[in-house]
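Report on the structure
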Amino acid sequence: MVRLFAFLCSIALSTAAVAQDKVILVGNLITDADTGSSGPATILVRDGKIISVSAGTRGAADTDAEVIDLSDKTVLPGLIDLHVHLTGDPGGDFWKEATEPSEWGVVVGAKNALLTAKAGFTTVREAGSSQYSAFSLRRGTAEGKIPGPRIVAAGPALAIVGGHGDTTGFTEDINEHLASGYSCTGAVECAEKVRKASRAGADIIKITATGGVLSQQGRGLEAHFTDVEMKSIADTAHSLGLKVMAHAHGARGIEAAARAGIDTIEHGTYLDKQAADAMKANGTVLIPTLMAFQGISERLGKGIYTPIVENKVRAVAETAKVFMGRAYRWGVPIAFGTDAGVFDHGRNAEELGLMVGQGMKPQEALASATTGAAKALGMEDQIGRVAAGYSADLIAVSGNPLEDVTILESVDWVMVRGRIID
Ligand SMILES: [Zn+2]
């Protein structure tokens, strides 16, 4: 009986702990990157959601809620990274594909989910993982079993046979054996793979529309899928309510992807005016991943990459320093994404400084990682702002990131869905 009573009490206590309101006292609030900061405020959080945001911090002391004092900090919406690979760490040993089971990705991913959340990223878009490891991670952070950001996950990427995203670099029988099951040829088979990804649990479809830098294929960086295949992928995904993100470097591949109705272009390295115009006409958003280029440049000449990859890295290095600025001046919509996993997880916010370095204003860079990224996900009514009804995804920093975005490279406090990350 005593044990039953203790058991019931522990249920009551744990329920109370989950349900307890949190009152956050804020020194300076940025509700929305577009509107700027508004001074001291009080935020009430209940069941993972923001219930109210009121000006000033007085009067909050007489409450039963847990009080979190951030009155010496700037509090802003949690950051959103639209391109990460949580289940992998930088390395370059392509043969690991043959030695590491996909389950290992969940372990690596749990470590990286925590690093990413601590860096101030409360939502990430998983841009391609080994089989379905990202789906388990997604559930883990959603249920609070492991600390980490909200995960919008693609699962394995669709690729052409032998293209970036397909298994390459081994003998043919090994390539076949290691294949993810998501390469496709022709409109019908590509539509089938989109439906298969949807059935497996994908929130978004990832495709590799052109060649890539870090794979062992040496067939250039231009369009790999045909126009018909890309159109089939985009139409099929949209019919299922899913968006499509396309890895693309070459200009004609970017243009073709935009015309096919692909929603976001990842990297976009060799974007020219014609491709930019196609993106603007179709509302296609560029995700520049400048940190990917930074990360691979740091690894050059160290014997990490194979010669075929080293050559490709050297070829893109100079363009990587200017292409986002060009797209920005042409008026292409840009949202924040880094390609974390190509560089060390947790350095995601360094992307903001690189974006400003290519001509964006700090406020625009911050908007690209909050309101802009939320819109690219179709989640602008849930995340990216500090407002009543939104998810309690909040971060705190010392100083004003609207003046200096590099302040966001050191985040002091993070809350994801009302849970404090520590
Ligand atoms: Zn990537």
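Just above sits the structure.
Residues numbered from 1 in each chain as written. Predicted model: local features only at pLDDT ≥ 70, side-chain atom pairs only at ≥ 80, totals over all residues. Heavy atoms only, no water.

1. Some details on the overall build of the protein chain
Helix and strand content of the protein chain: 14 helices and 15 strands. In summary, the protein chain has a C-alpha radius of gyration of 22 Å against a globular reference of 22 Å for 422 residues, a match within 12%. With respect to the three principal axes, the spread of C-alpha positions in the protein chain is 65 × 60 × 45 Å. For the protein chain, the residues scored as buried account for 54% of the 422 residues in total. By sequence separation, contacts in the protein chain at least 24 residues apart represent 69% of the contacts at least 6 residues apart. Carbon together with sulfur atoms contributes 54% to the accessible area of the protein chain, which is approximately 17,400 Å² in total. Between the averaged position of the 39 positive side-chain charges in the protein chain and that of its 49 negative side-chain charges there is a distance of 2 Å. (Helix = DSSP H or I, 4+ residues; strand = E, 2+ residues; numbered from the N terminus. Rg over C-alpha atoms; globule rule 2.2 N^0.38 Å. Buried < 20%, exposed > 50% of the residue type's maximum accessible area, 1.4 Å probe, protein only. Contact = heavy atoms within 4.5 Å. Areas by Shrake-Rupley, 256 points an atom, 1.4 Å probe, with all protein chains shown as cover. Lys, Arg positive; Asp, Glu negative; His and termini not counted. Charge placed at Lys NZ, Arg CZ, Asp CG, Glu CD.)

2. Some thoughts on the state of the cysteines
Applying the stated criterion across every chain yields a total of 1 disulfide. Cys-184 shares a disulfide with Cys-190; S-S distance 2.3 Å. Its S-S torsion of approximately 95° makes the covalent link between Cys-184 and Cys-190 right-handed. Residue class for Cys-184 comes out buried when judged on its relative accessible area of 1%. (Disulfide = S-S within 2.5 Å.)

3. Structural notes on the pattern of salt bridges
Across all of its chains, the model carries 18 salt bridges by this definition. For Lys-231, the salt bridge is made with Asp-235, and the minimal N-O distance between the two is 2.8 Å. Taken together, the residues span about one helical turn, with Lys-231 and Asp-235 both in helix 6 (residues 227-239) at a distance of 4 residues. Two residues, Arg-314 and Glu-310, come together in a salt bridge whose shortest N-O distance is 2.9 Å. Residue Arg-314 and its partner Glu-310 are both found in helix 10 (residues 307-320); the two are separated by 4 residues, about one turn of the helix. We classify Glu-310 as buried; its relative accessible area is 11%. Residues participating in the shared-partner salt-bridge network are Arg-252, Glu-255, Arg-259 and Asp-272. (Salt bridge = Lys/Arg side-chain N within 4 Å of Asp/Glu carboxyl O.)

4. Structural notes on unusual backbone geometry
Phi at Gln-131 is positive, roughly 45°, even though this residue is not glycine. Note on placement: Gln-131 falls in the loop between strand 7 (121-126) and helix 3 (133-142). Its identity is not glycine, yet Asp-339 carries a phi of approximately 75°, on the positive side.

5. What to know about helix 10
With 14 residues, helix 10 extends 20 Å from end C-alpha to end C-alpha; this agrees with the ideal 20 Å at 1.5 Å per step. Within helix 10, burial applies to Val-309, Glu-310, Lys-312, Val-313, Val-316, Thr-319 and Ala-320. Contact partners of the buried residues in helix 10: helix 9 (290-298) and helix 11 (323-329). (Expected span 1.5 Å × (residues − 1).)

6. What about the packing of helix 5 (residues 186-200) against helix 6?
Viewed as axis vectors pointing N to C, helix 5 and helix 6 meet at an angle of 35°, and their least axial separation amounts to 8 Å. For the element pair helix 5 and helix 6, the recorded crossing hand is right-handed. The segment helix 5 lies against helix 6, with Gly-186, Ala-187, Cys-190, Ala-191, Val-194 and Arg-195 engaging Val-228, Glu-229, Ser-232, Ile-233, Thr-236 and Ala-237. Grouping the constituent residues of the contact of helix 5 with helix 6 by class yields 7 nonpolar, 3 polar and 2 charged. (Axes fitted to C-alpha atoms, helices over the stretch in contact; angles between N-to-C directions. Left-handed = near helix turned anticlockwise from the far one by under 90°. Nonpolar A, V, L, I, M, F, W, Y, C, P; charged D, E, K, R; others polar.)

7. Let's talk about the packing of aromatic side chains
Within the structure shown, the criterion is met by 3 aromatic pairs. Above the face of the Tyr-182 ring, Lys-196 is positioned so that its terminal group lies 4.7 Å from the ring centre. (Phe/Tyr/Trp six-rings, centres within 6.5 Å; stacked < 30°, edge-to-face > 60°. Lys NZ or Arg CZ within 6 Å of the ring centre and 35° of its normal.)

8. Here we look at helix 9
Every α-helix carries 3.6 residues per turn, so stepping three or four residues along brings you back to the same face. Residues of helix 9 that are buried include every one of Leu-290, Met-291, Ala-292, Phe-293, Gly-295 and Ile-296, and no others. Where the residues of helix 9 are buried, they touch strand 11 (264-267), helix 10, helix 11 and helix 12 (350-357).

9. Here we look at the nonpolar core
Within the largest apolar cluster, 88 residues are counted, with the highest numbers of intra-cluster contacts made by Leu-158, Ile-205, Ile-207, Phe-225, Ile-233 and Leu-408. Non-local contacts of Ile-207, meaning those with residues more than four positions away in its chain, are made with Leu-158, Phe-225, Met-230, Ile-233, Val-244, Met-245, Ala-246, His-247 and Ile-262. Membership of the second largest hydrophobic core comes to 18 residues, among which are Val-26, Leu-29, Ala-41 and Leu-394. (Core = buried A, V, L, I, M, F, W, Y, C linked by side-chain atoms within 4.5 Å.)

10. Notes on the side chain of Thr-116
Tracing the backbone through its elements, the reader meets Thr-116 in helix 2 (residues 104-118). Under the relative-accessibility criterion, Thr-116 is labelled buried at 0%. A distance of 2.6 Å separates the side chain of Thr-116 from the backbone oxygen of Asn-112, its partner in a polar contact. (Polar contact = N/O pair within 3.5 Å; in protein donor to acceptor, adjacent residues only side chain to side chain.)

11. Regarding the sheet that holds strand 7
Taken together, 3 strands build an open sheet; the order of strands is 6-7-8 and the sheet is parallel. What marks the edges here is a single partner per strand, and that holds for strand 6 (79-84) and strand 8 (150-153). Taking each pair of neighbouring strands and ignoring which way they run, the sheet shows an average axis angle of 20°. Two elements, strand 7 and strand 8, share 4 bridges in a ladder whose sense is parallel. Pairing of Val-124 across the sheet is with Ile-151, part of strand 8. The strands touched by helix 3 are strand 7 and strand 8; relative to strand 8, the strand with the most contacts, the crossing angle is about 155°. (Pairing = 2+ DSSP bridges.)

12. Observations concerning the sheet that holds strand 11
If you walk across this open sheet you meet the 4 strands as 9-10-11-12, and the pairing is parallel. Two strands in the sheet have a free side with no partner beyond their single neighbour: strand 9 (204-208) and strand 12 (285-287). In this sheet, adjacent strand axes meet at a mean angle of 25° when their direction is disregarded.

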